[in-house]
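Coordinate analysis (summary)
Below are the chains, spelled out letter by letter.
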Amino acid sequence: MSLKRAWADDSEIFRHRRAAPIRMWERVLIAVLIFLAIQSAVYFGAWWFQARNVSSPALFVLLSIATWYGIFRMFVGWYNLFHIEHPEPVEPPEGLSVAIFTTSSPGEPYAMFARTLAAAREIRYPHTTYLLDDTRDPRFAALAEEMGAVHLELVGYPGAKAGKINEALKRTNEDFILVLDPDHIPFPEFLDRVLGYFSRESVGFVQVAQAYHNPDESFVARAAAEQTYTFYGPIMQGMHGTGTSVAIGANCTFRRTALESIGGHGIGLAEDLVTSIRLHAGGWESVYVPEIVSRGLVPSDLGSFLKQQLKWSRGVHDVLFHEYPKAFLRLSLHQKVSYFMIGSYYLVGLTSLIYFSIPLLYLWIGEQPAAMILAEYLEHAIPLALLGLVIYRFSQRWLCDPARERGWHWRGTLLKIGAWNVFLRGLWLALRGIEVPYIPTAKERKFGEFWRLSRMPLTVIVLSALTVGIVIYRRLFILDETLVRITTEATWAMAGFLIINSIFMSGRLWAAWQDREHREPEE
Amino acid sequence: VTPKRLYLTAFFALGWLLAIGVAFQLGLASAVASAYRRAASKLDWISQRASDAEGAALTRVRQNSRRDYLEPMRPVLQSVDALKNPPKILFGAYDGGFPNNTTGFTTLESQLRYRFPIISFYSAWGDKPDQQFPLRMVETIDRLGSVPLITWEPWVTDFDSRARTNLPSKTDREYGSLAAIAKGEYDFYVSPWAEAAAQFRKPIFLRFAHEMNDPYRYPWGPQNGNRPDDFIAAWRRVHDIFQKKGATNVIWVWSPHISMPWFEYYYPGDHVVDWVGIGILNYGNVASWSRWWSLHQILDKAYPTLSKFNKPMMVVELGTLANGGDMLAWYQQAFYQLEHTYGRIRSVIFFNQRADVTMSAYPLNWTIGQDPRAAEFVAKELARLSAQ
């Protein structure tokens, strides 16, 4: 009874939600907006690539790569948006045999499992819940029994979570397996909303939206959640429309025969992505259900967030370099593009580095990539930027929980830019083939690491301040007067970019500052 | 849905899309442009204040600023009347790299141990932002303590046909362009330019449509059906607009090509001209049409005619290449002649272009500094003449 009260939260946030349907006029409007946006990009590009805009050719190439890589991603995003589809709900037949796998590792909090297992018990469609446990903690076995779950003692299997899943597959025989992350609290209708799609024999896995119940816990939690809203909203819905929706670690339901056809669940830091690329390459189809049927925890302290980002960056690059080429020929055209876009997402670390370096390079050595006239730049860039924002906001009508998720997502953007060096490190580790040990995403806040976590943003800010100081000194005492008077605008505009960079860094700094002192983790 | 109906729907949808797209681009682009124009004066104001603050700090911490060096000449350089009839020869310089790259200009000044009271640059007509009144440039020159000389070139094809529907198409525009200016077809451009020049308030030398009598060079030349009367009428109209806008700070430099015949027929009149400008560029032996000519050889024949206008003369472009002769001797002779033979010349602007490609396939080097002996001689002459 007491346990039931602990999880049985009937507050409004734990209710089932489905993204708003797509109407005809919305499709037409999206088509028109995308048409205008592409035209604006052509307008911008025709102006951008002119010899008279070039100052230092090498830097211009770098700046062009960074800028047009971003625009290219926007293009693909719009194409995806154009293909948004929601699957028609299908009532599942009675009598399917279904397993729910949830894994536990040493150090994960007991209370979390109590909550999740109790909620799993309440899922309406008949199923068996398995706790895949390597904690060697007798409390966990007892908890499983109490919650009517089967306890599987799985100690010492390599590959962490995926290793345990594969071993559990051998010991069980259900036809459908829902892999439920232990921090996620499923709603009673979970299985009813996904199992029906398996009546099509070609469907290998069904993914649902991931949503969170703790975004209000901290700045980081809010930012991390903001980074996911659009993905589980319009992006995955578009991917469903092009047959490219992927499995995302938690809350994916697999057909046993599909998993067995590829030798079990994929292993690695991006094991979910490995699994889905292999299933797609094996000809299995995927379904994305734009519904919230569970809510979990999003990292709420900077350390866990960055660890998670490093893990993903390393893992996703690994998929790009190793799994993607192997699967390439067997993927559909849409899948080829889609997995490339996912695989290259974290290259944003590289483009951030380029953007950061440009003002520094100008102020240190006087080289700048472009000699553009501000008025012309604005005239050609603003239509594209404006349309990008309009489309972004318009597509938010298909978020799974628009009331909570709609917005400019500035926290998410700040923290994404603030994590650039982590993305780069992930790329570097993947290129060198250096393993990152499997780090489970922390489910509690960690504190007291201010200096370690703020080293990078502080470095950027101090470097910027130092550069501005040196620039002032040189202009006052050393540089030729004519040069000083002529370069006032250019110099202080570049110094302005340094300030903007510092503001971008301040998001991560603020997050680290909030985590500076130890607080008791909430149970 | 029949294929025909589908085809028709797609056809009309595409048409509508294109129409919406074109309207969107044109509308938004012009909205952004006009918003920018409104914001531009504020941006200018901000950068002015920033530059003023920086300049104030600079003069506080440095002993000899360029402006301080030119301080003794301040009374002359601030007065339009004095600049129309200067007590001493006024020297100036044009540098090809300026203002994007100041190395050439500062090198020239340090080699000559001199700070030029006049800084010359070129500005073309057109719709682009950098073709409007070069406020930032003249402000900077003013802060450096000098007076700007703007060569103002009516490249009428640089106006956007979409936005300027009253103008003929670009291919038809160059023919008779001076008559069109005289008729007022380009007042839309001249008026705001004149207004901005008036707002600057400090003196500006303006050399409009130079070398108008040379049929081989610029589109406003006689090869495009521009007759002397057209030039005079265009000049007067432009001058008139400047007067109406109150741009009395502008000093007018009429500057024909003196090696081409009949330049005197292009003279717009005593009441609208303040200076007579001439170009003295010795191309040496780089081209079939050129030989090593001294200043005297270039100027001698035209000088009596030019003198008849009874205006002070300005060598707006003075320079020699090193190809085919001795630069030191050329400058020695030039300075001697300027002082003793051509007393009406009251201003000389050095043409310090390091890589000039306007007249040849390979870049020509007009810098004095390429010959240290010539530079040393000119430095001493400048010191001597300014001490007088």
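Every chain is numbered independently, its residues counted from 1 as its sequence is written. In the order they appear in the text, chains get letters beginning with A and ligands get numbers beginning with 1. Reporting in this predicted model follows two pLDDT cut-offs: at least 70 for local features of residues, and 80 or more for side-chain atom pairs to be given and counted; totals over whole chains, interfaces and linings ignore these cut-offs and use all residues. The basis for every side-chain value is the complete set of heavy atoms in the structure, and neither hydrogens nor water enter the calculation.

**Focus on the overall build of chain B**
In this description a helix means any DSSP run of H or I spanning at least four residues, a strand means any run of E spanning at least two, and both kinds are numbered starting from the N terminus. Along the backbone of chain B there are 14 helices and 8 strands. Across its three principal axes, chain B shows a C-alpha extent of roughly 90 × 55 × 40 Å. The buried share of chain B, reckoned over its 388 residues, is 52%. By definition, residues are in contact when any of their heavy atoms lie within 4.5 Å. Within chain B, contacts between residues separated by at least 24 positions form 75% of all contacts whose residues are at least 6 apart in sequence. Note on areas: Shrake-Rupley, 1.4 Å probe, and residue coverage restricted to the protein chains presented here. As presented, chain B carries roughly 18000 Å² of accessible surface, and 56% of it is formed by carbon and sulfur atoms. Charge counting treats Lys and Arg as positive and Asp and Glu as negative, with His and both chain ends excluded. A single reference atom marks each charge: NZ on Lys, CZ on Arg, CG on Asp, CD on Glu. Distance between charge centroids for chain B: 5 Å, based on 42 positive and 36 negative side chains. Under the scheme applied here, a residue whose accessible area is under 20% of the maximum for its type counts as buried, over 50% as exposed, and between as partly exposed, the area being computed with a 1.4 Å probe on protein chains only.

**Overview of the environment of Pro87(A)**
All names here are of chain A. Looking at where Pro 87 falls in the secondary structure, it is placed in the loop between helix H3 (57-82) and strand E2 (98-104). For Pro 87 and Gln 237, which are 150 residues apart along the polypeptide, the C-alpha to C-alpha distance reads 9.0 Å. Setting aside anything within four residues of it in sequence, one finds Pro 87 in contact with Arg 18, Tyr 197, His 240, Val 287, Tyr 288, Val 289 and Pro 290.

**Side note on the sheet that holds strand E2 (residues 118-124) of chain B**
Residues and elements named next belong to chain B. Paired strands are those between which DSSP finds at least two bridges. Pairing is parallel in the closed barrel, where 8 strands are placed in the order E1-E2-E3-E4-E5-E6-E7-E8. Each strand of the sheet is rotated relative to its neighbour by a mean of 30 degrees, with strand direction disregarded. Think of each axis as a best-fit line through the C-alpha atoms, taken over the contacting stretch in the case of a helix, with angles from 0 to 180 degrees between the N-to-C directions. Against the sheet, helix H5 (residues 103-111) contacts strand E1 (90-95), E2 and strand E8 (345-352), and its axis sits at roughly 145 degrees relative to E1. The strands touched by helix H10 (residues 228-244) are strand E3 (147-153), strand E4 (204-208) and strand E5 (250-254); relative to E5, the strand with the most contacts, the crossing angle is about 170 degrees.

**Section: the packing of helix H18 (residues 450-478) of chain A against helix H1 (residues 3-61) of chain B**
Put simply, H18(A) and H1(B) touch, their axes get as near as 9 Å, and they point 55 degrees apart. The orientation of H18(A) with respect to H1(B), classified from their angle, is oblique. Contact residues: H18(A) offers Arg475(A), Leu476(A) and Phe477(A), while H1(B) offers Glu54(B), Ala57(B), Leu58(B) and Val61(B). Taken together, the residues of the contact of H18(A) with H1(B) break down into 5 nonpolar, no polar and 2 charged. Angle categories are assigned with fixed cut-offs, so that under 35 degrees is roughly parallel, over 145 is roughly antiparallel, 65 to 115 is roughly perpendicular, and the rest are oblique. The residue classification treats Ala, Val, Leu, Ile, Met, Phe, Trp, Tyr, Cys and Pro as nonpolar and Asp, Glu, Lys and Arg as charged. All others, Gly included, are polar.

**Here's the deal with the interface of chain B and chain A**
Facing 38 residues of chain B, the contacting portion of chain A comprises 33 residues. Taken together, both faces of the contact between chain B and chain A bury some 3100 Å²; the carbon and sulfur share is 68%. Of all residues in chain B, the largest losses of buried area upon contact with chain A belong to Gln25(B), Glu54(B) and Arg62(B), amounting jointly to 19% of the total for that side. The rule for a salt bridge is simple: a side-chain nitrogen of Lys or Arg has to be within 4 Å of a carboxyl oxygen of Asp or Glu. Taken together, chain B and chain A are joined by 1 salt bridge. Measuring nitrogen to oxygen at the nearest pair gives 2.7 Å for the salt bridge that ties Arg475(A) to Glu54(B). A 3.5 Å cut-off defines polar contacts: any pair of N or O atoms within that distance qualifies, except that in protein one atom must be a possible hydrogen donor and the other a possible acceptor, and neighbouring residues in sequence count only when both atoms are side-chain atoms. Linking chain B to chain A there are 8 residue pairs in polar contact (both at pLDDT 80 or more). Elements supplying a minimum of two residues to the side of chain B that touches chain A: H1, helix H2 (66-69), H5 and helix H6 (135-143) of chain B. Looking at the side of chain B that touches chain A residue by residue, the class counts come to 20 nonpolar, 9 polar and 9 charged. Note on terms: buried area is the combined drop in 1.4 Å-probe accessible area of two parts once they are placed together, counting the loss on both.

**As for the pattern of salt bridges**
Residues and elements named next belong to chain A. By the definition in use, this model includes 47 salt bridges over all chains. One salt bridge in this structure joins Arg 27 and Glu 85, with 3.4 Å as the shortest N-O distance. A residue pair is termed long-range when its members are at least 10 positions apart, and Arg 27 in helix H2 (residues 24-48) and Glu 85 in the loop between H3 and E2 qualify at 58 residues. Of the residues examined, Arg 27 reaches a relative accessible area of 27% and is grouped as partly exposed.

**A short note on the sheet that holds strand E9 (residues 285-289) of chain A**
All names here are of chain A. The strand order E4-E3-E2-E5-E8-E7-E9 describes an open sheet built from 7 strands, whose pairing is mixed. At either margin of the open sheet sits one strand with a lone partner, and together these are strand E4 (150-153) and E9. Direction aside, neighbouring strands of the sheet carry axes that sit 20 degrees apart on average. On top of the sheet, helix H10 (residues 271-281) reaches strand E7 (203-208), strand E8 (252-255) and E9; it is set at about 145 degrees to E7, its chief contact.

**Quick word on the confidence of the model for chain A**
Each residue carries a pLDDT score, the predictor's own confidence in it, on a scale running from 0 to 100. When the pLDDT values of chain A are averaged, the result is 90; 94% of them are 70 or greater. Predicted confidence is poor over residues 1-7 of chain A, with pLDDT under 50, and the contacts of this stretch with residues over four places away or in other chains come to 9 contacts.

**A short note on the environment of Ala119(A)**
Residue and element names in this part refer to chain A. Within the secondary structure, Ala 119 is located in helix H4 (residues 110-121). The class of Ala 119 is buried, set by a relative accessible area of 0%. Separated by 68 residues in sequence, Ala 119 and Phe 187 place their C-alpha atoms 6.9 Å apart.

**Describing the packing of aromatic side chains**
Only Phe, Tyr and Trp rings take part, Trp by its six-membered ring, and two of them pair if their centres are within 6.5 Å. Stacked means planes under 30 degrees apart, edge-to-face means over 60, and tilted covers everything else. Considering all chains together, one arrives at 66 aromatic pairs over all chains under this definition. The interplanar angle of 20 degrees and the centroid separation of 6.2 Å between the aromatic rings of Phe44(A) and Trp47(A) together place this pair among those described as stacked. Taken together, the residues Phe44(A) and Trp47(A), both in helix H2 and 3 residues apart, mark about one turn of the helix. Their ring planes at 80 degrees and their centres at 6.0 Å tell us that Phe205(B) and Trp275(B) sit as a pair that is edge-to-face. Here Phe205(B), found in strand E4, pairs with Trp275(B), found in strand E6 (residues 275-282); they are 70 residues apart in sequence, far enough to count as distant. Relative accessible area serves as the criterion here: at 0%, Trp275(B) is assigned to the buried category.

**Remarks on helix H5 (residues 138-146) of chain A**
All names here are of chain A. Looking at H5, one finds that the buried residues are Phe 140, Leu 143 and Ala 144. Axial view of H5: buried residues confined to an arc of 100 degrees, hence all on one face. Facing away from the buried side of H5 by over 90 degrees, the exposed positions are Pro 138 and Glu 145. Its buried side turned inward, H5 meets E2, H4, strand E3 (128-133) and E4. You can read the cap of H5 off the contacts: a side-chain oxygen lies 2.9 Å from the backbone nitrogen of Arg 139, and it is on Asp 137. Directly beyond the C-terminal end of H5, a positive phi value near 70 degrees is found at Gly 148. Starting at the helix axis, one direction is taken to each C-beta atom, and the arc is that of these directions.

**A closer look at the side chain of Lys336(A)**
All names here are of chain A. Summarising the element assignment, Lys 336 is placed in helix H12 (residues 333-343). There is no salt bridge for the buried Lys 336, and the closest opposite charge comes from Glu 323, which lies 15 Å off by N-O distance. Beyond its immediate stretch of four places on either side in the chain, Lys 336 contacts Tyr 324, Phe 328, Leu 329 and Leu 331.

**With respect to the state of the cysteines**
Residues and elements named next belong to chain A. In what follows, a disulfide is any cysteine sulfur pair within 2.5 Å. One pass over the full model with this rule turns up 0 disulfides over all chains. For Cys 252, which is in no disulfide, the shortest distance to another cysteine sulfur is to Cys 400 and amounts to 15 Å. Under the relative-accessibility criterion, Cys 400 is labelled buried at 4%.

**Section: unusual backbone geometry**
With the exception of glycine, the majority of residues adopt a negative phi angle, and the majority of peptide bonds are in the trans configuration. Residues and elements named next belong to chain B. The backbone of Ala 209 sits at a positive phi, close to 50 degrees, despite the residue not being glycine. With respect to the element layout, Ala 209 can be found in the loop between E4 and H10. In this model, Glu 211 sits at a positive phi of 50 degrees, which is unusual for a non-glycine residue. With respect to the helices and strands, the residue Glu 211 is situated in the loop between E4 and H10.

**Brief notes about a nonpolar patch on the surface**
On the surface, Tyr7(B), Leu8(B), Phe11(B), Phe12(B), Trp16(B) and Ile20(B) cluster together to form a nonpolar patch covering roughly 700 Å² of accessible area. Within the secondary structure, Phe12(B) is located in helix H1. Patch definition: residues with relative accessible area over 30% and no salt bridge; like charges joined within 9 Å; nonpolar side chains (Val, Leu, Ile, Met, Phe, Trp, Tyr) joined within 5 Å.

**With respect to the packing of H10(A) against H12(A)**
Residue and element names in this part refer to chain A. Where H10 contacts H12, the axes come no closer than 12 Å and their chain directions differ by 170 degrees. In terms of orientation, H10 and H12 fall into the roughly antiparallel class. Along its contact with H10, which presents Leu 273, Ser 276, Ile 277 and His 280, the element H12 presents Gln 335, Tyr 339 and Ile 342. For the contact of H10 with H12, the class distribution of residues is 4 nonpolar, 3 polar and no charged.

**Considerations on the environment of Gly159(A)**
Residue and element names in this part refer to chain A. You can see Gly 159 is positioned in the loop between E4 and helix H6 (160-171). In this structure, the C-alpha to C-alpha distance between Gly 159 and Leu 259, residues 100 residues apart in sequence, is 16 Å. In contact with Gly 159, not counting residues within four places along its chain, are Ile 267 and Glu 271.

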